[in-house]
Amino acid sequence: MDRIGRLRQEMRRRKLDNFLVTRLSNIRYLCGFSGSAGVLLLTPRKARFFSDFRYREQAAEQVSGADVIIYPDELMKELRRRPLNMAGSIGFEALFLDVSTYNQWREIFPLLDWIPTTKLVEQIASVKDPDEIEKIRKAVKITDAVFAEILKMIKPGVSELDLSAEISYLHKKKGADGDAFQPIIASGPRSALPHGIASERKIKAGDMVTVDIGCFYQGYASDLTRTIAVGKVNPKMKQVYALVLEAQSRAIAAARSGLKAKELDEVARSVIREGGHSEHFGHGLGHGLGLEVHSEPRVSFLFDDLLMAGQVITIEPGVYIPDLGGVRIEDDVLLKNSQAEVLTKSPRDLIVL
Ligand code: ZN
Ligand code: ZN
């Protein structure tokens, strides 16, 4: 069944007569449009994609499975002009419709029953088809290659920002659309910041350096983290590295469909807990990868969702000790009914430069 067909099936299950898609990555997933403005509206018999003048050619070229409507002025004016024959209920993406726009829609369609939803398209999109998996493999391959080159540049005196600039350049140079997120380069004590984006700090001998990078390739994301040692590092950090690696390896070995997200999280978390660092691992084990860097499924202690074959997730335990430093190791894996396949190929043992 096609993607819009699967969404319609889910709408029926939830008794939604109509559905409004406003998250751009979901629009892209459902009808192929990759531009930055538009909405997709499903009524009982029709799927319509609305956008403006700037996207006339692009929408004509990319959109499939929906009628394209290019409005000459404003979406709201177009909605008032056009008979859409909507009745009953309409689901909308509660996390991706701002209050002011929502109020305008309600004003135009006051008789509809507006039902907030979350993750509806995201859950359908979490299981990848072979073509999507190929794109993720390509994105991962580019990021692995960028990491290998960046390793040669990490040395005392080089700033985090220098490395970050090289990563962004190399991603594009190797064929990516661009970075999937601002590169995280956190050196020395800054490595204790789980999301320390690059600063002016210069690398020093004895630093642990966490590098978390990813790109989009034809819309699909990669996400890789390694923590490396520059010269002789604090032996305590080496122990922390071994612990995080053990936690990650066990989670990779356990990852498969049918497991609950929180059960997989617990595989890694129990190792870190037994190592005495449970309070230093404050985030979830990982997340789905797709047209967004952080997508479904969320792999953390908070979620019961059953993992499914065809989902691509990250496995990224970390230990962060304030004022000392941190270690995170992140790989991207394709879930299967048996042992998961690790897509990222960068070496996982501690690299000492
Ligand atoms: Zn990452
Ligand atoms: Zn990640």
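Here, the structure is the one placed above.
A quick note: this is a predicted structure, and the numbers were derived from the prediction, not measured. (Residues numbered from 1 in each chain as written. Chains lettered and ligands numbered in written order. Predicted model: local features only at pLDDT ≥ 70, side-chain atom pairs only at ≥ 80, totals over all residues. Heavy atoms only, no water.)

Visitor: I'm lost on helix H1 (residues 3-13) in this one. Help?
Guide: For H1, the full list of buried residues reads Arg-3, Ile-4, Gly-5, Leu-7, Arg-8, Glu-10 and Met-11. The secondary structure elements touched by the buried residues of H1 are strand S1 (18-21), helix H2 (24-31), strand S2 (39-42), strand S3 (47-52), helix H6 (120-126) and helix H7 (130-151). A positive backbone phi angle near 60° is found at Lys-15, which sits one or two residues after H1. (Buried < 20%, exposed > 50% of the residue type's maximum accessible area, 1.4 Å probe, protein only. Helix = DSSP H or I, 4+ residues; strand = E, 2+ residues; numbered from the N terminus. Contact = heavy atoms within 4.5 Å.)

Visitor: Explain the pairing of strand S5 (residues 89-93) here, please?
Guide: Within a regular strand, side chains alternate between the sheet's two faces. With five of five residues buried, S5 is to be regarded as a mostly interior element. Here S5 shows two buried faces, one formed by Ser-89, Gly-91 and Glu-93 and the other by Ile-90 and Phe-92. Two elements, S1 and S5, share three bridges in a ladder whose sense is parallel. The residue of S5 that forms the bridge with Leu-20 is Phe-92. (Pairing = 2+ DSSP bridges.)

Visitor: Is there a simple way to think about the coordination of the zinc ion (ligand 1) in this case?
Guide: Ideal donor angles around a metal are set by the shape: a four-donor tetrahedron calls for 109.5 degrees, a six-donor octahedron for 90 or 180 degrees. Donor atoms from the polypeptide that coordinate the zinc ion (ligand 1) comprise Asp-212 (OD), Asp-212 (OD), Asp-223 (OD) and Glu-330 (OE), at 2.0 to 2.5 Å from the metal. Mapped onto the polypeptide sequence, the residues donating to the zinc ion (ligand 1) form the spacing pattern D-x10-D-x106-E. Between the two metals, the zinc ion (ligand 1) and the zinc ion (ligand 2), the spacing is 3.1 Å, and Asp-223 donates to both. Of the two residues, Asp-212 sits in strand S9 (residues 208-213) while Glu-330 sits in the loop between strand S17 (325-328) and strand S18 (331-334), which places them 118 residues apart along the sequence. (Donors = N, O, S within 2.8 Å, 3.2 Å for Na, K, Ca; no water.)

Visitor: How do you make sense of the sheet that holds strand S7 (residues 178-179) when you look at a structure like this?
Guide: Read across the open sheet, the three strands follow the order S7-S10-S11; overall the sheet is antiparallel. The open sheet has two edge strands, S7 and strand S11 (220-221), and neither has a second partner. Bridge count for strand S10 (residues 215-217) against S11 is two bridges, and the pairing is antiparallel. Residue pairing across strands places Tyr-217 opposite Tyr-220, the latter belonging to S11. Its contacts with the sheet put H7 on S10 and S11, and the angle it makes with S10 is roughly 140°. (Axes fitted to C-alpha atoms, helices over the stretch in contact; angles between N-to-C directions.)

Visitor: It is not clear to me how the environment of Met-86 should be interpreted in this structure. Could you clarify?
Guide: Counting through the fold element by element, Met-86 comes out in the loop between helix H4 (75-81) and S5. Note: C-alpha distance between Met-86 and Leu-112 (26 residues apart in sequence) is 7.6 Å. Excluding anything up to four places from it in sequence, Met-86 contacts Asn-18, Leu-41, Thr-43, Phe-109 and Leu-112.

Visitor: What am I meant to see in helix H5 (residues 99-108) here?
Guide: Three or four residues apart is the spacing at which side chains of an α-helix point the same way, because the helix has 3.6 residues per turn. Within the sequence span of H5, burial applies to Tyr-102, Trp-105 and Ile-108. Buried residues of H5 fall within an arc of 125° about the axis and therefore sit on the same side. The outward face of H5, more than 90 degrees from its buried face, is lined by the exposed residues Val-99 and Glu-107. At its buried positions, H5 is contacted by S1, S2, H4, S5 and strand S6 (113-117). Between the side-chain oxygen of the N-cap and the backbone nitrogen of Ser-100 there are 3.2 Å, and the N-cap of H5 in question is Asp-98. (Arc of directions from axis to C-beta. Polar contact = N/O pair within 3.5 Å; in protein donor to acceptor, adjacent residues only side chain to side chain.)

Visitor: Would you take a moment to explain the coordination of the zinc ion (ligand 2) for this structure?
Guide: Donor atoms from the polypeptide that coordinate the zinc ion (ligand 2) comprise Asp-223 (OD), His-287 (NE2), Glu-316 (OE) and Glu-330 (OE), at 2.1 to 2.2 Å from the metal. One can describe the donor arrangement at the zinc ion (ligand 2) as irregular, given that its four donor atoms subtend angles of 76 to 153° at the metal. (Tetrahedral: all angles 85-135°; square planar, octahedral: opposite > 155°, others 65-115°.)

Visitor: Whenever I open this one, unusual backbone geometry confuses me. Can you help?
Guide: Most peptide bonds are trans, and most residues other than glycine sit at a negative phi. Here the residue pair Glu-296 and Pro-297 is connected by a cis peptide bond, since its omega of -5° sits within 30 degrees of zero. Although it is not a glycine, Lys-119 sits at a positive phi angle of roughly 60°. Topologically, Lys-119 is positioned in the loop between S6 and H6. For Lys-119, a relative accessible area of 24% translates into the label partly exposed.

Visitor: How should the environment of Leu-335 be read in this particular structure?
Guide: Mapped onto the elements, Leu-335 comes out in the loop between S18 and strand S19 (341-342). Among residues more than four places away in sequence, those in contact with Leu-335 are Ala-255, Arg-256, Leu-307, Met-308, Ala-309, Gly-310, Gln-311, Ile-313 and Ala-340.

Visitor: Sorry, what's going on with the pairing of S2 here?
Guide: Side-chain alternation along S2 places Val-39 and Leu-41 on one buried face and Leu-40 and Leu-42 on a second face that is also buried. Alignment of S1 against S2, held across three bridges, turns out to be antiparallel. The residue bridging Val-21 from the neighbouring strand is Leu-40, located in S2. In this structure, S2 lies alongside S3, joined through four bridges in antiparallel fashion. The partner of Leu-42 across the bridge, within S3, is Ala-47. Following S2, the chain reverses through four residues before pairing antiparallel with S3.

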